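These are the residues of each chain, in order.
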There are 2 protein chains.
Amino acid sequence: MKTDPYRVAPGQKVKLSNWATDDAGGLDKAAAKFRMEELSAALAGWQEKLYAEGRQSLLVILQARDAGGKDGVVKKVIGAFNPNGVHIANFKVPSAEEQAHDFLWRIHAQAPRQGMIGVFNRSHYEDVLVPRVYDLISSQEAGRRLDHIRNFEALLTENGTRVLKFYLHISKEEQKQRLQARLDEPSKQWKFNPGDLKDRSHWDAFSEAYEAVLATSTAGAPWYVIPADRKWFRDLLIAQILVNTLAEMKPENPPLTYDPNTIVL
Amino acid sequence: MKTDPYRVAPGQKVKLSNWATDDAGGLDKAAAKFRMEELSAALAGWQEKLYAEGRQSLLVILQARDAGGKDGVVKKVIGAFNPNGVHIANFKVPSAEEQAHDFLWRIHAQAPRQGMIGVFNRSHYEDVLVPRVYDLISSQEAGRRLDHIRNFEALLTENGTRVLKFYLHISKEEQKQRLQARLDEPSKQWKFNPGDLKDRSHWDAFSEAYEAVLATSTAGAPWYVIPADRKWFRDLLIAQILVNTLAEMKPENPPLTYDPNTIVL
């Protein structure tokens, strides 16, 4: 499966309305299920090596509109890893302590240590999305924040952390159906937040804010626009990108500090 | 499956040599596999409710000798949960900053927040095991630490955290086989630490140290001695105890803050 068409090239200007939300890569659900099992096994295998090696790390950043599928990706794709080697950070409304620091302070504290896979379920990109859409910061301030983000991610990548950024791209109609499903199903009603409707009413402004965010795609910290109307394709594509990336990172078991032949139990 | 026989009653004095390491609860591996699938589904269901409710939390503490199976339990049992709702803390050799504080300082910082399942892969109990066996602290100091641990765990339980403590109980022969397997299999050799042999040579002293630790079993923070020679039984028993505990905690979806019937998308 080709993953390049979904990657934002450094310097590329993205117009989200030109990117499909319902692409399925020419696959059907049955074929995808079989392929997903293979990829899950590959993910588990690579992660064990990454952990054993203990030198590099991988940071997966998930961004999406409400009901875009971030939690689904964590469950279905990240769930393939041994939980021992995964650190998930859910960034919520900043605490008073966090607000008394720069916006990257709490983010930096959650960066994955060597050998680990870190997942940011929402991230520092939130600080240039909602505030920009509601004009709480100027476009100049948003630009400065994006520069700081580029520098921060460069620091991580230079220190052995590969950064993969996924924007889960759903259509306005698909979001409507998913929010309606939450309203209709009693066991899911707690997931619905009436405040989401406000963001939904600013759909195009969020598209523009995301387009500015996607311009932070670099070779070391690329953005991928993941067609996310079909959950199974979303998961499959992300799993494939993770497998490809881990294969490129080539983690290897560490050199032994002892001679196995001399050990008698 | 009965789980009570494996729980240490408050005040009970445990002599580990009287507790089986190879118990299988009258089950065979095939029956266990089927049962494990049922329990895994139950774990995922309960955890979603715990997360939705966002009031209580569960802390799972894993302690064992080398090769006792802590990582296996994380992979097989904790792996049944949605990773989004799990926080795993692996306590390694304390940093200089951590050593400049009391022994519970770094532990407390990793306590699970409301709605979360926390896992301590090793824990504060390490501070009364190795130091006691090698006489780095007196038995009086160990006793004081155990008192502080009791108080700390009472603080957690009074604030809505259920604490479950598992000692994975393997025989000395089983440990030998598992360590030998690491030495014999090139892909596993990195897991072997020659230092483990020193601890192994103090087998009985560690048993005594663990027996003192097991005396911290309380109603709110019980210890279980898990027969762990058979990996499938170890996992099944722990999964059953987690399911029973979550069912007792009865997490429920939170009350709605809006009326679903008034929302129009």
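Computed from a predicted model, the values in this text were never measured in an experiment. Per-chain numbering applies: the sequence of each chain, read as written, is numbered from 1 onward. Following the order in which they are written, the chains are lettered starting with A and the ligands numbered starting with 1. Only residues with pLDDT of at least 70 are given local features in this predicted model, and only at 80 or more are side-chain atom pairs given and counted; all residues enter the totals for whole chains, interfaces and linings. Values reported for side chains reflect all heavy atoms of the structure, with hydrogen atoms and water molecules removed beforehand.

Section: the overall build of chain A
Here is step 1 of the chain: Counting from the N terminus, the helices are the DSSP runs of H or I reaching at least four residues and the strands are the DSSP runs of E reaching at least two. Along its length, chain A carries ten helices and five strands.
Here is step 2 of the chain: Within these notes, the globule rule equals 2.2 Å times the number of residues to the 0.38 power, and the radius of gyration is based on C-alpha atoms. Its C-alpha atoms give chain A a radius of gyration of 19 Å, within 12% of the compact-globule value 18 Å for 265 residues.
Here is step 3 of the chain: Seen along its three principal axes, the alpha-carbon backbone of chain A occupies a region of about 70 × 45 × 40 Å.
Here is step 4 of the chain: Here's how the labels work: a residue is buried when its accessible area is under 20% of the maximum for its type, exposed when over 50%, partly exposed in between, all with a 1.4 Å probe on protein chains only. By residue count, 50% of the 265 residues in chain A fall in the buried class.
Here is step 5 of the chain: Residue burial considers only the protein chains on display, and all accessible areas are found by Shrake-Rupley using a 1.4 Å probe. Of the accessible surface of chain A, which amounts to about 12400 Å², a share of 49% is contributed by carbon and sulfur atoms.
Here is step 6 of the chain: Counting rule applied: Lys, Arg positive; Asp, Glu negative; His and chain ends not counted. Positions of charges follow a simple convention, taking NZ of Lys, CZ of Arg, CG of Asp or CD of Glu. Each charge class in chain A was averaged separately, 35 positive and 34 negative side chains, and the resulting centres sit 2 Å apart.

Observations concerning the sheet that holds strand β1 (residues 57–64) of chain A
Through backbone hydrogen bonds, the strands of a sheet pair up, either in parallel or in antiparallel fashion.
Residues and elements named next belong to chain A.
Here is step 1 of the chain: One bridge is not enough; two strands pair if DSSP finds at least two bridges between them. The sheet built from five strands is open, its strands ordered β2-β3-β1-β4-β5 with parallel pairing. In this open sheet, the two strands that pair with only one neighbour each are β2 (86–90) and β5 (223–227). The average undirected angle you get between the axes of adjacent strands in this sheet is 20°.
Here is step 2 of the chain: Taken strand by strand, helix α9 (residues 203–214) contacts β1, β4 (161–169) and β5, and its axis lies near 140° from that of β5. Think of each axis as a best-fit line through the C-alpha atoms, taken over the contacting stretch in the case of a helix, with angles from 0 to 180 degrees between the N-to-C directions. Whether two residues are in contact is decided by their heavy atoms, any of which lying within 4.5 Å being enough.

Section: the interface of chain A and chain B
Here is step 1 of the chain: Contacts between the two partners involve 36 residues from chain A, matched on the other side by 36 residues from chain B.
Here is step 2 of the chain: In total, about 3400 Å² of surface goes out of reach between chain A and chain B, with carbon and sulfur atoms giving 63% of it.
Here is step 3 of the chain: Three residues, A:Asn84, A:Trp190 and A:Leu265, lead the burial of chain A against chain B; their summed loss comes to 23% of the area buried on that side.
Here is step 4 of the chain: Note that A:Lys191 is salt-bridged to B:Glu48, the shortest N-O span being 3.8 Å.
Here is step 5 of the chain: Of all the elements in the fold, those that place two or more residues in the side of chain A that touches chain B are α1 (29–53), α2 (70–76), β2 and α7 (172–184) of chain A.
Here is step 6 of the chain: Sorting elements by how many residues they give to the side of chain A that touches chain B places α7(A) first, with four residues.
Here is step 7 of the chain: Classes in brief: Ala, Val, Leu, Ile, Met, Phe, Trp, Tyr, Cys and Pro nonpolar; Asp, Glu, Lys and Arg charged; the others, Gly included, polar. A breakdown of the residues in the side of chain A that touches chain B according to their chemical character gives 18 nonpolar, ten polar and eight charged. A 1.4 Å probe defines the accessible area here, and the buried area is the portion of it lost by two parts on being joined, summed over both. Any Lys or Arg side-chain nitrogen found within 4 Å of a carboxyl oxygen on Asp or Glu counts as a salt bridge.

Re the UniProt feature "domain: Polyphosphate kinase-2-related" (unreviewed entry) in chain A
Here is step 1 of the chain: When the UniProt feature table is mapped onto this chain, "domain: Polyphosphate kinase-2-related" (unreviewed entry) is found at residues 27–253 of chain A.
Here is step 2 of the chain: The distance separating the terminal C-alpha atoms of residues 27–253 of chain A is 35 Å; by composition the span is 50% helix and 14% strand. UniProt positions are given in the numbering used here, feature names are shortened, and annotations may be inferred rather than shown by experiment.

Observations concerning the packing of aromatic side chains
Here is step 1 of the chain: Only Phe, Tyr and Trp rings take part, Trp by its six-membered ring, and two of them pair if their centres are within 6.5 Å. Stacked means planes under 30 degrees apart, edge-to-face means over 60, and tilted covers everything else. Under the definition given, this model contains 16 aromatic pairs over all chains.
Here is step 2 of the chain: Between A:Phe91 and A:Phe120, the ring centres sit 5.1 Å apart and the planes meet at 90°, which makes this aromatic pair edge-to-face. Residue A:Phe91 is located in the loop between β2 and α3 (96–99), and its partner A:Phe120 is located in strand β3 (residues 117–121); the two are separated by 29 residues in the primary sequence. Side by side, A:Phe91 and A:Phe120 carry an identical accessibility label, which is buried.
Here is step 3 of the chain: Residues B:Tyr125 and B:Trp223 carry aromatic rings whose centres are separated by 4.9 Å and whose planes lie at 65° to one another, so their mutual orientation is edge-to-face. With B:Tyr125 in the loop between β3 (117–121) and α5 (130–133) and B:Trp223 in strand β5 (residues 223–227), this pair connects stretches of sequence that are 98 residues apart.
Here is step 4 of the chain: Using a relative accessible area of 0% as the deciding quantity, one classes B:Tyr125 as buried.

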